[in-house]
Amino acid sequence: MTDTTLIRGRLLSFKRAPLSLTDTDSYLYEHDGALLVTGGKIAALGDYAVVKMQAPDAVEETDHRPHLILPGFIDCHVHFPQMQVIASYAANLLEWLNTYTFPEECRFVESDHAARIATHFYDELLRHGTTTAVAYCSVHKTSADAFFAESLRRGMCMVGGKVMMDRNAPQGLLDTPQMGYDETRAVIADWHAKGRNHVAITPRFAITSTPGQMQAAQALAQEFPDLFIQTHLSENHEEIRYTSELYPDATDYTDIYARYGLLGKKTLLGHAIHLSDREADALSEAGAVAVHCPTSNLFLGSGLFPMKALMRRDKPVRVAVATDIGGGSSYSMLRTLDEAYKIQQLLGERLNPLESLYLMTRGNAEALGMERDIGTLDIGSTADLVVLSAEKTPAMKLRMETIRTLPEELFLLQTMGDDRAIVETYVAGKALKPH
Ligand code: GUN
Ligand code: ZN
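Everything quoted here is computed from the prediction, not taken from an experiment.

## Focus: the nonpolar core
By size, the foremost hydrophobic cluster in this structure holds 137 residues, and its most contacted members are Leu35 and Ala135. Both domain 1 (4-72 + 375-431) and domain 2 (73-331) contribute no fewer than three residues apiece to this core. Apart from residues lying up to four places away in sequence, Leu35 is in contact with Ile7, Leu11, Ile42, Leu45, Ile69, Leu377 and Ala383.

## Some remarks on helix α12 (residues 333-346)
Compared with the 20 Å implied by 1.5 Å per residue over 14 residues, the 20 Å span of α12 between its first and last C-alpha is a close match. Residues Met333, Leu334, Arg335, Thr336, Leu337, Asp338, Glu339, Ala340, Tyr341, Ile343 and Gln344 constitute the buried set of α12. Two residues or fewer past α12, Gly348 is found with a positive phi of approximately 75°.

## Notes on the domain arrangement of the chain
Once the domains are mapped, the chain shows domain 1 (4-72 + 375-431) and domain 2 (73-331). If you average the C-alpha positions of domain 1 and of domain 2, the two centres end up 31 Å apart. The interface of domain 1 with domain 2 comprises ten residues on the first partner and 13 residues on the second. Among the elements that take part in the side of domain 1 that touches domain 2, strand β15 (residues 422-427) stands out by supplying three residues, more than any other. Here the residues of the side of domain 1 that touches domain 2 are counted per class, giving four nonpolar, four polar and two charged.

## Section: the site of ligand 1
The full set of residues close to ligand 1 is His79, Leu93, Leu97, Thr101, Arg204, Phe205, His232, Glu235, Ser296, Asp324 and Gly327. The element contributing the most residues to the shell around ligand 1 is helix α2 (residues 93-105), with three residues. Here the residues of the shell around ligand 1 are counted per class, giving three nonpolar, five polar and three charged.

## Let's talk about the UniProt feature "domain: Amidohydrolase-related" (unreviewed entry) in the chain
Taking the UniProt record as the reference, the feature "domain: Amidohydrolase-related" (unreviewed entry) is found at residues 69-431. Taken as a whole, residues 69-431 contains 43% helix and 17% strand, while its terminal C-alpha atoms sit 13 Å from one another.

## What to know about the sheet that holds strand β4 (residues 60-71)
Reading across the sheet, the seven strands line up as β3-β2-β1-β4-β14-β15-β16 and stay open at both edges, with mixed pairing between neighbours. Looking at the sheet topology across the chains shown, the edges are occupied by β3 (41-47) and β16 (430-431). Alignment of β4 against strand β14 (residues 385-388), held across four bridges, turns out to be antiparallel. Note that in β14 the partner of Leu70 across the bridge is Val386.

## Comments concerning the pairing of strand β6 (residues 130-136)
The element β6 is largely enclosed, with a buried count of seven among its seven residues. As paired elements, β6 and strand β7 (residues 157-161) share five bridges and run parallel to each other. Among the inter-strand pairings, Tyr136 is bridged to a residue of β7, identified as Gly161. Handedness of the crossover joining β6 and β7 through helix α4 (residues 141-154) is recorded here as right-handed.

## Focus on the packing of α4 against helix α5 (residues 177-191)
The relative placement of two packed helices is expressed as an angle between their axes plus a distance between the axes. Put simply, α4 and α5 touch, their axes get as near as 10 Å, and they point 20° apart. Put simply, α4 runs roughly parallel to α5. At the point where α4 passes α5, the crossing takes the right-handed sense. Taking contact as the criterion, the partners of Lys141, Ala144 and Phe148 in α4 are, on α5, Glu183, Ala186, Val187 and Trp191. In terms of residue class, the contact of α4 with α5 is made up of five nonpolar, no polar and two charged.

Definitions and cut-offs
Residues numbered from 1 in each chain as written. Chains lettered and ligands numbered in written order. Predicted model: local features only at pLDDT ≥ 70, side-chain atom pairs only at ≥ 80, totals over all residues. Core = buried A, V, L, I, M, F, W, Y, C linked by C-beta atoms within 7 Å. Buried ≥ 20, exposed ≤ 12 C-beta atoms within 10 Å, placed from the backbone. Domains from an automatic or database assignment. Contact = placed C-beta atoms within 7 Å. Helix = DSSP H or I, 4+ residues; strand = E, 2+ residues; numbered from the N terminus. Expected span 1.5 Å × (residues − 1). Nonpolar A, V, L, I, M, F, W, Y, C, P; charged D, E, K, R; others polar. Near = placed C-beta within 6 Å. UniProt positions renumbered as here; feature names shortened; annotations may be inferred. Pairing = 2+ DSSP bridges. Right-handed = clockwise from strand over helix to strand, strands pointing away. Axes fitted to C-alpha atoms, helices over the stretch in contact; angles between N-to-C directions. Parallel < 35°, antiparallel > 145°, perpendicular 65-115°, else oblique. Left-handed = near helix turned anticlockwise from the far one by under 90°.

Given below as structure tokens:
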């Protein structure tokens, strides 16, 4: 059978959030393990010798020993039209948006440009071990077309949305309430549930959407209750102040989205750094997800996201993690969790490496409600995988000489690892990392 393969290596997959560094019940680890992959799905996993017995006689084998095999990384907030915005020098969020980001996104009205960047975007994700991402396209339908056509071509599970924005940006980046509604519907009709594509309703943030456009987003959310909704919340103090001027009747920033029916279990709120207790309660009660983007928060000087404090509240807030390219400064989820770790250090909190690896795999899958398909190595999941080595740079290899435990190895990967630590990336059982 040509579509059955055996992939051998050290397997690591989380069963739930690890409670401590010694919480060995929270994950499955097989030192000499194997995955049997049939039709792009995981058909069996476990000890190599045992899984091998379940495989067809002449099964094709790929041996990744001594490398680690994990579920592919998931990035819950990224801007596909901002690949050429990364590393733009600005004082803060609003200056960065107006000076670099909005002019750059105007270029995505051109389908050739959108298609070229989409190719680079997926190449870069796969080079960094990311197999699923939740992305903002630009306001132009052309950008969503390019984004979804390329994910379909590669067989990747992707979430994305045409951004809705009808004020406070250059003319070339504005739709209207009606256009935002119509074009989002067109993107849904053209792309939703094609292959592994998911469309998200995507009002950029309250500053760039009039109340009329928020109503249009609300109408879409009511018509398509199964779709994700993504937007930005409470990233920067100046942004928060301006937002409350634009929506004077709302109790606070979160209340704006709540008033338009945009707060629910499928809502992904980028940043959510400076929330009041009332706002955190509102997110918790709605089951909405705060998406932490550490490299971006540090790069733009936006603030320190109180991840641990939000997670252990009486009314806990669901949290996901993301790169936020191009406010973020790395495509790597390893680099991202390294910065998340440092932010928690500054807040006097601990983020342990098991938790970090959980967050970028199963944790993010749970945030998306997709843990039956992605984020684990469970039987029945799609074989989206990342193969990792903590010995791919001389400095890491030297440090590995003194490492004795799995959590220590994971912490090294997170602290010093980047795309060089990614040996291979599989999408539905196919090795797709560009080499
Ligand atoms: N808020 C609204 N748009 C954006 C964006 O593109 N990036 C970031 N970091 N914040 C935003
Ligand atoms: Zn963003």
